[in-house]
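# Architecture at a glance
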Protein chains: 2
Amino acid sequence: MEFLDGRWEKKVNTWEELLGNSLLNQEAVLEGAVHSIRNMGDVAFLILRRREGLFQTVYESGKVNLPLHDLKEGMTLQVKGCLQSEERAPHGRELHIREITVLSCPAEPLPLAIDKWKLDTSLEAKLNFRPIALRNIRERSKFKIQEGIVRAFRDYLYSQGFTEIHTPKIGARGAEGGANLFKFSYFHKPAVLAQSPQFYKQMMVGVFDRVFETGPVFRAEKHNTKRHLNEYTSLDFEMGYIDSFEEIMAMETGFLQYAAALLKKEYAKELSVLKIELPETDRIPAVRFDRAKELVSKKYNRKIRNPYDLEPEEEALIGRYFKEEYDADFVFVTHYPSKKRPFYAMDDPEDNRFTLSFDLLFHGLEVTTGGQRIHDYAMLKEKIAARGMEEEGMEQYLDTFKHGMPPHGGLGIGLERLTMQLLGEDNVREACLFPRDMNRLEP
Amino acid sequence: MEFLDGRWEKKVNTWEELLGNSLLNQEAVLEGAVHSIRNMGDVAFLILRRREGLFQTVYESGKVNLPLHDLKEGMTLQVKGCLQSEERAPHGRELHIREITVLSCPAEPLPLAIDKWKLDTSLEAKLNFRPIALRNIRERSKFKIQEGIVRAFRDYLYSQGFTEIHTPKIGARGAEGGANLFKFSYFHKPAVLAQSPQFYKQMMVGVFDRVFETGPVFRAEKHNTKRHLNEYTSLDFEMGYIDSFEEIMAMETGFLQYAAALLKKEYAKELSVLKIELPETDRIPAVRFDRAKELVSKKYNRKIRNPYDLEPEEEALIGRYFKEEYDADFVFVTHYPSKKRPFYAMDDPEDNRFTLSFDLLFHGLEVTTGGQRIHDYAMLKEKIAARGMEEEGMEQYLDTFKHGMPPHGGLGIGLERLTMQLLGEDNVREACLFPRDMNRLEP
């Protein structure tokens, strides 16, 4: 009988070994994809791509078991040779090839010049050839940064006593009413795709006090803009026993600080490849919705057209205002008008035209919506009735409140938007591996 | 201007403070839900539920600002009082109440006796009242264990150089062909829900070498059994530059060992509440599919009816065999017949009726399917043609191989099944917060 014990000896050297000193001037083995070939005549440089980065290998005519013209970009290889110090090479190392084993061979040349530092092509082409375009070092770095954000979200919330949950994406109805839902037939029953884990995360506050989820949400919105996706990853949390809705903003601030620290520590390579400057997270200003509108109206001489709504241009100006006045990258806008928030939002007891809620703007773009929720059964029913909504389909959600819920609130962060702003991109599709919009369902 | 700096002073004491010695015989403050009330006459015990566990508080008539009959189960409270040592109380501590502030009040009594140690009700009732039933300490502990598994999966793979990805759940077609897919209309285009991230994770191996995803998958299977869900959480990874398909099994073994260690360290409370004995992960036996069938046929005197398939009963017997013969909780069954595996599975070059693939059985139930994939473009096209399948809709997937892919393979783990087996439950619905099956779409 064979047994697996969890160990596996690789016959190739690790990245750390290749960059360290222990193998210098000795034989080393490296595997990777041929990222580019620079033929200088008697010598050629084969740049291999690994998950850790690019590594320079040197092909010297007559010293290798394969002719140079047998090699092409897109191949994957195992190369053996002498590891040498070379100041001009990336990481100060290069491998002088003695023996090549071809692991795999492409059938056709690449459709994009992925070895260019900046991919010189349209967003449309990048998305059409997504699995190839992402082989570019800058392109793929964006998604390491995204990984860092998600990791930070989870790790920070674990440290704050949150429990991770997995809630269903198929349901009988949506959390915010019937609009913008993808509908389908589930074994002959009408079903929808979840536009948010809102109801579920609230229900789970009654169980775990503090919960979070990182997962897909689906919005059938007919917006085709640079900041909308029809499927995106939502970072959601919900917490009970809050002292006030500001406690939720404090928790988000803590997460942002933790994320900045984690990126600095574990993703320094990608921050440098993408030339990202981490935003200021030590102190994040908070301003009331109505006050923010006044401030930008005054400073930028812009008339307030609708006192109950923020237009995207106004959001951008609020971002600009707080950058100029306070050198702030983020700003919390609080006390959104009640009529612009869902029924479960807690109205401000001091002025019920407004809610105990907030958005977080990052360089002038909304990346988070959050706030305190109604936890009292009677108040929730009243609000539903006052809005002329039906309770049908919400029985289980309402029952949770009927049997007691602590004061609570939470938020949802759009992962791709947060990533996009951090990267300084101007289209959210740049921050999504395989975006879904009104026109794009593939790849 | 107000600023958030990430700090928030809670006016209540932490769990650590309540269990420590620094507050003994002093005033302490605690918040929680009234889990149960035991009225002994002059004295009543109010057991409060917090995310960390249950805490005993003592109500002494005449010493509290509220009459006892105003208190009921399901309320959430802030209580102030004197923290005392009490050997008979859980954690050896109790709080003698001086002042109660009611945070929230239920409208109706609970429909289930959640304060019982074991919820004395049917699975059907538990699922119908899911948000309430989960308030039971044993019930909710199951999902802390589940959290530990997912955490371990991610943390172990991060440590092994994997990148986390988020792939779309809405697509133009499925990874394994047209059967068992939920179909719907996506802005007037036919779309399906992803039954697996298979194609995407393979495509991303060309970018990051090693990738993983933890997310929902959707199967429109008309199975109504104790081990099937129509939506579940899949733990997927895919790795390039593998030496052989056994390397994938070694990686999974490493994850299982890491998970066992993490659960022991961070989830000891829940392991003890649920009386879970961690399975043996030091050495996991691996047996060929055909050999496994022979072994159980011989030992349990069972005729082999179909040499190309494993029936659930046979899986159970293989689990029993390896428990009896090797004291093994897990067993890898390798070399599944080619006709039972999808087109992208790599056939065994030594006998192409079989594949370089495996399932992992845990106490006789399949919890993982994995294996090496075809990485050569021509071979992939041949296999598709040989199966009489169409390439239509798979162009982007195939193009990835056309432009070069390393040898690779991976696996998918059913999170709920793995949790179910670890818990010793006999229905997978016990290990899913809000299960979706042919009859259940709510809550």
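Refer to the structure above for everything that follows.
Quantities reported herein were computed from a predicted structural model and do not represent experimental measurements.

### Quick word on the overall build of chain A
Helices and strands together make up the secondary structure of chain A, namely 12 helices and 19 strands. For chain A, long-range pairs separated by at least 24 residues make up 65% of all intrachain contacts whose partners lie at least 6 apart in sequence. Carbon and sulfur atoms provide 47% of the accessible area of chain A, an area that totals close to 17500 Å². Charged side chains in chain A number 62 positive and 70 negative. The centres of these two groups are separated by 3 Å.

### Section: the relation of the copies chain B and chain A
Rotating chain B by 180° and translating it 0.0 Å along the rotation axis places it on chain A, where the RMSD comes to 0.0 Å. One copy is carried onto the other by what is essentially a two-fold rotation axis. Closest approach to the rotation axis among the C-alpha atoms of chain B is made by Phe184(B), whose C-alpha sits 2.6 Å away. Here 99% of the interface residues in chain B have copies in chain A that are interface residues too; the copies meet face to matching face.

### Regarding the interface of chain B and chain A
In this assembly, 125 residues from chain B lie in contact with 125 residues from chain A. Taking both sides of the interface into account, the surface hidden between chain B and chain A amounts to around 10600 Å²; carbon and sulfur atoms contribute 60%. When the area that chain B buries against chain A is broken down by residue, the three leading residues are Leu4(B), Tyr241(B) and His403(B), summing to 8%. Along the contact surface separating chain B from chain A lie eight salt bridges. Put simply, Lys402(A) and Glu108(B) hold a salt bridge, and the shortest N to O gap is 4.0 Å. At the boundary of chain B and chain A, one finds 57 residue pairs in polar contact (both at pLDDT 80 or more). Tallying contributions element by element places helix 4 (residues 137-159) of chain B first for the side of chain B that touches chain A, with nine residues. Of the residues assigned to the side of chain B that touches chain A, the class counts are 59 nonpolar, 29 polar and 37 charged. The sheet contact formed by strand 1 (residues 2-4) of chain A and strand 13 (residues 284-288) of chain B spans three bridges and is antiparallel. Note on strand 13 of chain B: the bridge partner recorded for Phe3(A) is Pro285(B).

### Regarding a negative patch on the surface
A grouping of Glu390(A), Glu392(A), Glu395(A) and Glu442(B) is seen on the molecular surface, where their side chains present a negatively charged patch. Note that Glu395(A) resides in helix 11 (residues 395-402).

### Focus: the packing of helix 10 (residues 377-386) of chain A against helix 11 of chain A
Contact pair helix 10 of chain A / helix 11 of chain A: the axes reach a minimum separation of 8 Å and the direction vectors enclose 145°. Side by side, helix 10 of chain A and helix 11 of chain A meet where Tyr377(A), Leu380(A) and Ile384(A) of the first sit next to Tyr397(A), Leu398(A), Phe401(A) and Lys402(A) of the second.

### Some thoughts on the sheet that holds strand 17 (residues 357-362) of chain A
Here we have nine strands laid out as an open sheet, ordered 7(A)-11(A)-12(A)-19(A)-18(A)-17(A)-14(A)-13(A)-1(B), and mixed in their pairing. The sheet terminates laterally at strand 7 (163-164) of chain A together with strand 1 (2-4) of chain B, the two strands that pair on one side only. Pairing geometry for strand 12 (residues 231-240) of chain A and strand 19 (residues 408-414) of chain A, over seven bridges, is antiparallel. For Leu235(A), the partnering residue across the bridge sits in strand 19 of chain A and is Ile413(A).

Rules used in this analysis
- Residues numbered from 1 in each chain as written.
- Chains lettered and ligands numbered in written order.
- Predicted model: local features only at pLDDT ≥ 70, side-chain atom pairs only at ≥ 80, totals over all residues.
- Heavy atoms only, no water.
- Helix = DSSP H or I, 4+ residues; strand = E, 2+ residues; numbered from the N terminus.
- Contact = heavy atoms within 4.5 Å.
- Areas by Shrake-Rupley, 256 points an atom, 1.4 Å probe, with all protein chains shown as cover.
- Lys, Arg positive; Asp, Glu negative; His and termini not counted.
- Charge placed at Lys NZ, Arg CZ, Asp CG, Glu CD.
- Least-squares fit on C-alpha atoms with pLDDT ≥ 70 in both.
- Buried area = accessible area lost by both parts, 1.4 Å probe.
- Salt bridge = Lys/Arg side-chain N within 4 Å of Asp/Glu carboxyl O.
- Polar contact = N/O pair within 3.5 Å; in protein donor to acceptor, adjacent residues only side chain to side chain.
- Nonpolar A, V, L, I, M, F, W, Y, C, P; charged D, E, K, R; others polar.
- Pairing = 2+ DSSP bridges.
- Patch = residues over 30% accessible without salt bridge, like charges linked within 9 Å, V, L, I, M, F, W, Y side chains within 5 Å.
- Axes fitted to C-alpha atoms, helices over the stretch in contact; angles between N-to-C directions.

None of this, on its own, says anything about what the molecule does.
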